[in-house]
Amino acid sequence: MTQDEMKKLVAEAAISYVEAGTIVGVGTGSTANHFIDALAKIKHKIDGTVASSVASAERLKQHGIPVFDLTSVNEIAVYVDGADESNRYLHLVKGGGGALTREKIVAACSDKFVCIADESKLVDTLGTFPLPVEVIPMARSMVARALVKLGGQPVYREGFVTDNGNIILDVHNLVIAEPCKLEEQINNITGVVTNGLFALRPADVLLLGTQDGVRTIT
């Protein structure tokens, strides 16, 4: 089974967490795209969606699935999204696709967060994947210096602008032993919008695609 086939497998498995008559939060990226395609098959059962990026909103609309602004909905029953890394406590690193801020907002507003990923994303310690940090452009150098003091090596993501009009610094060489603590530390740096650690609000369920099928971690 290829990596993409494992992604498709967990995306389809996540449909079982979608309840009829509810609003569904939808993430961003290749695995989330498989979920959108699977969601299209039951679009008549749900009230609509909230997307974490412009790209996901467009894909949902192409399938004829209603997309609402977060400000116009009262509740999101479940949020389904992928991850770049997860540990066994369901702390995540996200933001490889650059949508980390909106992903974090939708996750925070959702009753349940179901993370879908292939088995290569499960690690003992977070940090092998560079940690994305969304930054107000004028604060780029100041934030980079602060990230160096935390032990990281920030690299400017060339030619990329977030849906919010900001830039991203990808922080290499971090060993993230205390995800919650580091998430707070980075978020407290003036000029940071947010970072790609989802530890203060981790996933509730992790569906891992493996060669033997879907493995569920809670």
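Refer to the structure presented above.
Residues numbered from 1 in each chain as written. Predicted model: local features only at pLDDT ≥ 70, side-chain atom pairs only at ≥ 80, totals over all residues. Heavy atoms only, no water.

Peer 1: Explain the overall build of the protein chain here, please?
Peer 2: Helices and strands together make up the secondary structure of the protein chain, namely six helices and 13 strands. Taken over C-alpha atoms, the radius of gyration comes to 17 Å for the protein chain, in line with the 17 Å a tight globule of 218 residues would show. Projected onto the principal axes, the alpha-carbon positions of the protein chain cover approximately 50 × 40 × 30 Å. Classification of the 218 residues of the protein chain by burial places 53% in the buried group. Sequence-distant contacts, at least 24 apart, represent 72% of the contacts inside the protein chain between residues at least 6 apart. In the structure as shown, the protein chain presents an accessible area of about 9900 Å², 50% of it carried by carbon and sulfur atoms. Each charge class in the protein chain can be summarised by its mean position, and for the 20 positive and 26 negative side chains these summaries are 2 Å apart. (Helix = DSSP H or I, 4+ residues; strand = E, 2+ residues; numbered from the N terminus. Rg over C-alpha atoms; globule rule 2.2 N^0.38 Å. Buried < 20%, exposed > 50% of the residue type's maximum accessible area, 1.4 Å probe, protein only. Contact = heavy atoms within 4.5 Å. Areas by Shrake-Rupley, 256 points an atom, 1.4 Å probe, with all protein chains shown as cover. Lys, Arg positive; Asp, Glu negative; His and termini not counted. Charge placed at Lys NZ, Arg CZ, Asp CG, Glu CD.)

Peer 1: Any chance you could explain the sheet that holds strand β1 (residues 23-26) here in plain terms?
Peer 2: Strands in a sheet are paired, the pairing made by backbone hydrogen bonds, and the direction either parallel or antiparallel. With mixed pairing, the six strands of this open sheet are ordered in space as β2-β1-β3-β6-β12-β13. Every interior strand has two partners, whereas the edge strands, β2 (48-51) and β13 (213-217), have only one. The average angle at which neighbouring strand axes cross in this sheet is 25°, direction not considered. With three bridges joining them, β1 and strand β3 (residues 76-81) adopt parallel strand pairing. Opposite G25, over in β3, you have Y79 as the bridge partner. Sheet strands in contact with helix α1 (residues 3-13) are β6 (110-118), β12 (205-210) and β13, and its direction is about 140° off that of β12. Most of the contacts of helix α2 (residues 30-39) go to β1, to which it runs at about 155°, and overall it touches β1, β2, β3 and β6. (Pairing = 2+ DSSP bridges. Axes fitted to C-alpha atoms, helices over the stretch in contact; angles between N-to-C directions.)

Peer 1: Just checking my understanding: could you explain the nonpolar core for this structure?
Peer 2: Ranked by size, the top nonpolar core spans 24 residues in total, and within it V18, F35, L39, V114 and I116 carry the most contacts. Sorting the residues of this core by element identifies α1, β1, α2, α3 (54-62), β3, β6 and β12 as the ones contributing at least two each. The biggest single contributor to this core is α2, with four residues. With 20 residues, the next largest nonpolar core counts V93, A139, A144 and L182 among its residues. (Core = buried A, V, L, I, M, F, W, Y, C linked by side-chain atoms within 4.5 Å.)

Peer 1: Is there a simple way to explain the side chain of R157 in this structure?
Peer 2: Checked against the element boundaries, R157 lands in the loop between β8 (153-156) and β9 (167-172). Here the side chain of R157 touches G96 through a polar contact of 3.1 Å, landing on its backbone oxygen. Once residues within four sequence positions are removed from consideration, R157 is found in contact with G95, G96, G97, G98, P132, I168 and D170. (Polar contact = N/O pair within 3.5 Å; in protein donor to acceptor, adjacent residues only side chain to side chain.)

Peer 1: How should I be thinking about the packing of aromatic side chains in this particular structure?
Peer 2: Think of a pair of aromatic rings as described by two things: how far the centres are apart, and how the planes are tilted against each other in angle. Under the definition given, this model contains two aromatic pairs. Measuring from ring centre to ring centre gives 5.1 Å for Y79 and F113, while their planes differ by 40°; the resulting arrangement is tilted. With Y79 in strand β3 and F113 in strand β6, this pair connects stretches of sequence that are 34 residues apart. Note on Y79: relative accessible area 0%, which makes it buried. Put simply, the rings of Y79, F113 and F198 touch in pairs and so form one group of aromatic residues. The lysine or arginine in question, K104, covers the ring of F198, its NZ or CZ lying 5.1 Å from the ring centre. Over the aromatic face of Y156 sits the side chain of R140, whose NZ or CZ is 3.7 Å from the ring centroid. (Phe/Tyr/Trp six-rings, centres within 6.5 Å; stacked < 30°, edge-to-face > 60°. Lys NZ or Arg CZ within 6 Å of the ring centre and 35° of its normal.)

Scope: geometric values only; no functional claims are made or implied.
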